[in-house]
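Topology and contacts: notes
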Amino acid sequence: MMYKKVTISALIVLIVLNILTSVVYADSKRDTSALIIYENENRFRYDENIVNHLKELLYVFNSDVSERDINSYEQGEINKYDSVFVINIQNDIVNNQFLEDLSKYEDKIYWIGDKIQNYLEYSNKYDLRYSSQNNNITELIYKENEIVIDVGYSFNIVEPSAKSSTIATMSDGYNFYPYIINEKNLYYISKWDLENGYIFDDSLNDFYDIKEFKEGKIFVRIEDVHPFRDTDILKEVADYLYSENVPFIIALIPTFLDHETKTINTLDMVPEFVETIKYMQSKGGTVILHGYTHQLGEEEISGEGYEFWDIENNVPIQEDMETYIRDRALSGLRLCIENGIYPLGFEAPHYAMSIDGYKVLKKYFSTYIGQFQNNNEKFATSTFPYIIRGSDAFNTFIPENLGYVDKDDIFTVEKIKENFEKLSMVRGYTGGFFYHPYLDINYLKECISFFRDKDVKFLDLKSMDNYVKIDDISIVSKNGKIECSYDESKAKPKNEISKFDLVIKDINDVVIIFITVVLVLFFVIFIIFRRINTRKFKRR
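Let me sum up the structure you'll find in this document. (Residues numbered from 1 in each chain as written. Predicted model: local features only at pLDDT ≥ 70, side-chain atom pairs only at ≥ 80, totals over all residues. Heavy atoms only, no water.)

What follows is about the packing of aromatic side chains. If you walk through the whole model with that rule in mind, you get 36 aromatic pairs. Aromatic pair tyrosine 404 and phenylalanine 434: ring centres 5.0 Å apart, planes at 5 degrees, arrangement stacked. You can see tyrosine 404 sitting in the loop between strand S21 (396-399) and helix H10 (412-423) and its partner phenylalanine 434 sitting in strand S22 (residues 430-435), a full 30 residues away along the chain. Looking at tyrosine 404, the relative accessible area reads 39%, which means it is partly exposed. Phenylalanine 434 sits in the buried class, given a relative accessible area of 9%. What links up through ring pairs into an aromatic cluster is the set Phe61, Phe85, Tyr110, Tyr187, Trp192, Phe200, Phe207, Tyr208 and Tyr386. Of note, lysine 235 hangs over the ring of tyrosine 279, and the distance from its end group to the ring centre comes to 5.9 Å. Lysine 283 extends its terminal NZ or CZ atom over the ring of tyrosine 242, reaching a point 4.3 Å from the ring centre. (Phe/Tyr/Trp six-rings, centres within 6.5 Å; stacked < 30°, edge-to-face > 60°. Helix = DSSP H or I, 4+ residues; strand = E, 2+ residues; numbered from the N terminus. Buried < 20%, exposed > 50% of the residue type's maximum accessible area, 1.4 Å probe, protein only. Lys NZ or Arg CZ within 6 Å of the ring centre and 35° of its normal.)

Note on placement: asparagine 185 falls in the loop between strand S10 (176-183) and strand S11 (186-189). For asparagine 185, a relative accessible area of 9% translates into the label buried. Side-chain polar atoms of asparagine 185 contact the backbone oxygen of aspartate 107, separated by 2.8 Å. Discounting residues that sit within four places of it in the chain, asparagine 185 has contacts with Tyr105, Glu106, Asp107, Lys108, Ile109, Lys125 and Tyr126. (Polar contact = N/O pair within 3.5 Å; in protein donor to acceptor, adjacent residues only side chain to side chain. Contact = heavy atoms within 4.5 Å.)

To continue, consider the sheet that holds strand S20 (residues 388-389). Pairing is mixed across the open sheet formed by 3 strands, whose spatial order is S17-S21-S20. The two strands at the open ends of the sheet, each matched to only one other strand, are strand S17 (367-370) and S20. Sheet topology note: the S17/S21 ladder contains 4 bridges and is parallel. Bridge assignment links tyrosine 368 to a residue of S21, and that residue is phenylalanine 397. (Pairing = 2+ DSSP bridges.)

Encoded structure:
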């Protein structure tokens, strides 16, 4: 009898453990690895590095992601990984060793786009058959969602089998074909582009056998907040969002440089602005650094220019990124914490920063918010529907994927709504949009009203685990509380400035000297001409 009780108890424990281990959340990091096999990193005529994008995305589901050129693949490599993705294959595959290994591979495979026929013809493992290409696809259908797309792109047609299941379909207006199809351990998507990528993104939940999902959330970000912004408007925005119980993010530019008017203002030079930011914090706002000056060089103006990318030549900036980023981050953070402002993350101006730059930021900031610049050589950004944790480039990446309010676009709010409808098809999504405070607040109110009607939950950044640690500075948030510490003996006295601020001061000094010289010259010329005119009058 005792033996039966012990056996039953053991069975119950095993069943419970099995249930618990099978419940995997969409944003949970698993100790698995993925390998990306590719021929080209970029799609023809596009700047996006789709391999870099895919690698970042797969960190949602894996703790390790590697990539390998198909032509340099060596025997047995895929056996080190728990899943394999094949992408951007444009030419017929001549590496038969890869095809042989893939045919014997027992774990999951996701083939993206072209040359699936090479694999299906080589392997006798599947009953799927490649048919042809179709250039007239106009619609993608996934569950209850229909996405209209531009015509003219090539989609591969794979004929389903009795053993396959169709996950998503596509249509040319006359016929329907599999868009995503699965047979045994093989998943196949006819075509994947970053503009209409959410169907693929969500299918990864099935590919990785995700069972449960955390509730979707979005953030609201108030963009380009700097010392020259109207403080009354900033308070109005904060009061409105607080009245709606909507937490928000403040993208703060702590130093404003205007090379047209030759003025430089750090936030501590405008006490009313400092008090306004602190007021916004008290109303549910969380500050992130939006660069230090949001400009580069002598021509760009803060809030308009770039800071970590040479956009004029579309190349990385010619700086030691380690020193450049650290100095600017440290200068901005000191200005903030010495004035009661506590940034919890970072956003690069215009999202422009090389992957090397991201890796520098990762040393100091737990959290990056925005879009992902996926190309180290040309400016090209992309976004995701998920929070990404523990990748090579980021500790935590929170995506902006809904767009922004553009006063010059009469459909701007409708586009944000449309973007949300697409995003919401992804299980366990996270998203966000941004709004500039100099615009009509009714734009913001219309957006918030829409999300309220949809019963959307808003992301409160400070309720998450965030940290900023650099030099003696430590800012940590947990469960809505922020703790900050720093060595006050290292704080910048009013009569001292940092090396980076010294550059700013030198510019101010040059401007002051220039203006003084011009005024003196003007005064001297005025006196000379006045004497000449006086003499002429006396002669008369």
